[in-house]
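Chain residues, written in single-letter form:
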Amino acid sequence: MREIKLFLGPQHPGMHGNTSVHMYVEGDIIVKSYLLPGMLHRGFEKGMENRTWVNNLALIPRICVVEPDINEMVFAMGIETLTGMEVPERAHYIRMIILELARISIHLMAYGGIGGPTGHYTMMYHAQADRNTILDIFEKITGHRIYHQYIVPGGVRKDFPKGIEKDIVDFLDDLASRYTEHRDLGIDNPTIKKRLDHHIMLPESVVWELGVTGVGMRSSVNKPYDLRKVTPYARYSEIDFHVPTSDYSDATCRVDIKLQEVVQCIGIIKQCLAKMPEGPVRTKLEGNGLRWKVPKGQVYSAVESSRGEFGYFIVSDGGTKPYRIAVRGASFPQGLLGVEKYLPGQRMDDAALWFDTMGVCSPEIDR
Amino acid sequence: MMNSMSNIELVKDLKARYKIINADVVRDTQIAVDVTNGDVHSVLAYLKSQGWRQLSILTNIDWIDDGEYQLVYIIFNWDNPIWVQVRTRIDRDNAKFPTITSVYPGAKYYERDVHEFFGVEFEGNPEALQQLFLEGWDDMPPLRKDFDAKAYSDKKYSKREYTTDFNTKEDEK
């Protein structure tokens, strides 16, 4: 059969963001494929070097569009390590609530995203509707729906508004009550299940070769390799939660783990709300924020994003601006190397499912 | 697999085995070691055999005042959670370094990224010479400190000239 050159994306219902897969297919089997990134390259790393530490707070959330809070968290954690700033106890809990709400929202979005390549849009609409409620909650807390600029070095920008706890709990209860409905629409639906079962397997050896982390890694290695457990940041060490794992990583399994993580997130947020002490939420910066200096040093700070280890390598030369910041996009391994090494041999309609189930965020690959 | 080590024990272990120029304990789960150019491969291979199986990031810093680049390899061990920054300095004008894809295959694209943004040539990884993000780039690698983004944009894109002729009636004539 003749080999055909084919592009998947950047405009395609199954594609995540403006990136494209260039593949050669024989019949419907992929022979060779690679990612064409760069369409979202906005020069963040250079841009950050030209702004002060405080000005950067407005820039960094834009690095990953769907899950911006992790950027603020790693940036704040890195600066706190360099300066030795103390974070008030209450702020830790608020940060965890924000991060977990963001995790639910992106897992729902990824889950709904499977509706694109499988042709079952109803699950997408349901998932997006729930995500929208989370965005409403974010708007009440931070004033913004997507880019919150809420987690800042030394705590969070401001305290929770009055009565927001009730909104959060109401939403969580609502989501928990419709959890089976989401499952029935998606992975418990026989048509979708048949499409996902035993497809796009991710063997353990491939995980280590590519350097995949997050859901992909845990679904294959069967160990709780989650940074929230392994190197607890904020106050995750005081929260009781379980990390779902598996040793048979097909598409169904990875989606299932994402949904199980949503259940864990609900538990984490409820515990945070119960354990959250009263008190200040922010340590003020010393002096003028625009002339604020961070001591000399090099630190790598990372958190567990919905796609895996997400980190910043922050270098300060003691000045008012960062000397260098390198971003470790969590989906860099599965997005670039995974597509090149792993997609060949799969069917071409599985390419979009790889992006959905592994979680690939093209803005954080391009930066 | 050896028993889990603390960050300070790990620094001691590395100091006993290799010529460590400088070692820092950044925080409880992170250490940084400056090694000589020749030791990078053996330090990484040794740590990988001890469980540091994941390359978190490979990046580069441009210390323009010293005329040097600093390559930083950050690796992580999931069973003994310590990030290790393995750092080495290379000459900025003749930036070449052997590839580490034989130790960490995942470094392939990070090396391509560093080549594109700093111009470091990784010997033994020919693919790293191809462009990745910057299509049709025609200037020096942009993350070098001497690259001026504003000057590049002024040179590359002509200033838009605005005419304030809104007199449409003239056209109708």
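As a reminder, the structure under discussion sits directly above these lines.
Residues numbered from 1 in each chain as written. Chains lettered and ligands numbered in written order. Predicted model: local features only at pLDDT ≥ 70, side-chain atom pairs only at ≥ 80, totals over all residues. Heavy atoms only, no water.

Undergrad: Give me the lowdown on the overall build of chain A, citing residues and values where you can.
TA: Secondary structure assignment for chain A yields 16 helices and eight strands. For chain A, the C-alpha atoms occupy an extent of roughly 70 × 45 × 35 Å along the three principal directions. For chain A, with 367 residues in total, the buried portion stands at 62%. Within chain A, the 45 negative side-chain charges are centred at a point lying 6 Å from the centre of the 43 positive side-chain charges. (Helix = DSSP H or I, 4+ residues; strand = E, 2+ residues; numbered from the N terminus. Buried < 20%, exposed > 50% of the residue type's maximum accessible area, 1.4 Å probe, protein only. Lys, Arg positive; Asp, Glu negative; His and termini not counted. Charge placed at Lys NZ, Arg CZ, Asp CG, Glu CD.)

Undergrad: Run through the packing of aromatic side chains, naming residues and quoting values.
TA: Per the stated rule, a full pass over the model turns up 20 aromatic pairs over all chains. For the ring pair A:Tyr300 and B:Trp83, a centre distance of 5.6 Å and an interplane angle of 70 degrees mean the geometry is edge-to-face. With A:Tyr300 in strand S6 (residues 297–305) and B:Trp83 in strand S5 (residues 83–91), the pair connects residues from two separate chains. On the basis of relative accessibility, which here comes to 0%, the residue A:Tyr300 falls in the buried class. Consider the rings of A:Tyr323 and B:Trp63, whose centres lie 4.6 Å apart with planes at 10 degrees: the pair is stacked. Remark: B:Trp63 occurs in strand S3 (residues 54–63) and A:Tyr323 occurs in the loop between strand S7 (308–316) and strand S8 (324–328); the pair is interchain, linking two chains. Taking the relative accessible area as the measure of exposure, B:Trp63 reaches 13% and is therefore buried. Clustering of aromatic rings is evident, with ring pairs tying together A:Trp208, A:Tyr225, A:Tyr300, B:Phe76, B:Trp78 and B:Trp83. Directly above the aromatic system of A:Tyr236 lies the positively charged group of A:Arg228, at a separation of 5.9 Å from the ring centroid. Sitting over the ring of A:Tyr323, B:Lys145 keeps its end group 4.0 Å from the ring centre. (Phe/Tyr/Trp six-rings, centres within 6.5 Å; stacked < 30°, edge-to-face > 60°. Lys NZ or Arg CZ within 6 Å of the ring centre and 35° of its normal.)

Undergrad: Any details on the environment of A:Lys193? Residues and values, ideally.
TA: Residues and elements named next belong to chain A. Looking at the element boundaries, Lys-193 is found in helix H9 (residues 190–196). Overall, the relative accessible area of 33% leaves Lys-193 in the partly exposed class. For the pair Lys-193 and Tyr-323, spaced 130 residues apart in sequence, the C-alpha to C-alpha distance is 49 Å. For Lys-193, the residues in contact, after removing those within four places along its chain, are Ile-187 and Thr-252. (Contact = heavy atoms within 4.5 Å.)

Undergrad: For the side chain of A:Arg131, give the residues involved together with the corresponding values.
TA: All names here are of chain A. Tracing the sequence through the fold places Arg-131 in helix H6 (residues 121–142). Asp-69 provides the closest opposite charge to the buried, salt-bridge-free Arg-131, at an N-O distance of 8.2 Å. If we ignore the near neighbours within four places in the chain, the residues touching Arg-131 are Val-66, Ser-105, Leu-108, Met-109 and Ile-146. (Salt bridge = Lys/Arg side-chain N within 4 Å of Asp/Glu carboxyl O.)

Undergrad: Which residues make up the sheet that holds strand S1 (residues 3–8) of chain A, and what values go with them?
TA: All names here are of chain A. Across the sheet, three strands lie side by side as S1-S2-S3; this open sheet has antiparallel pairing. This sheet does not close on itself; its edge strands, each paired only once, are S1 and strand S3 (29–36). The mean angle between the axes of side-by-side strands here comes to 20 degrees, regardless of whether they run parallel or antiparallel. Its contacts with the sheet put helix H14 (residues 332–342) on strand S2 (20–26) and S3, and the angle it makes with S3 is roughly 155 degrees. (Pairing = 2+ DSSP bridges. Axes fitted to C-alpha atoms, helices over the stretch in contact; angles between N-to-C directions.)

Undergrad: Tell me about the packing of H6(A) against helix H7 (residues 164–177) of chain A, and please be specific about residues and values.
TA: Residues and elements named next belong to chain A. One can describe the packing of H6 onto H7 by two numbers: an axis separation of 11 Å at closest approach and a directional angle of 170 degrees. Taken together, the axes of H6 and H7 lie roughly antiparallel to each other. Contacts between H6 and H7 pair Asp-130, Thr-133, Ile-134, Ile-137, Lys-140 and Ile-141 from the former with Ile-164, Asp-167, Ile-168, Phe-171, Asp-174 and Leu-175 from the latter. (Parallel < 35°, antiparallel > 145°, perpendicular 65-115°, else oblique.)

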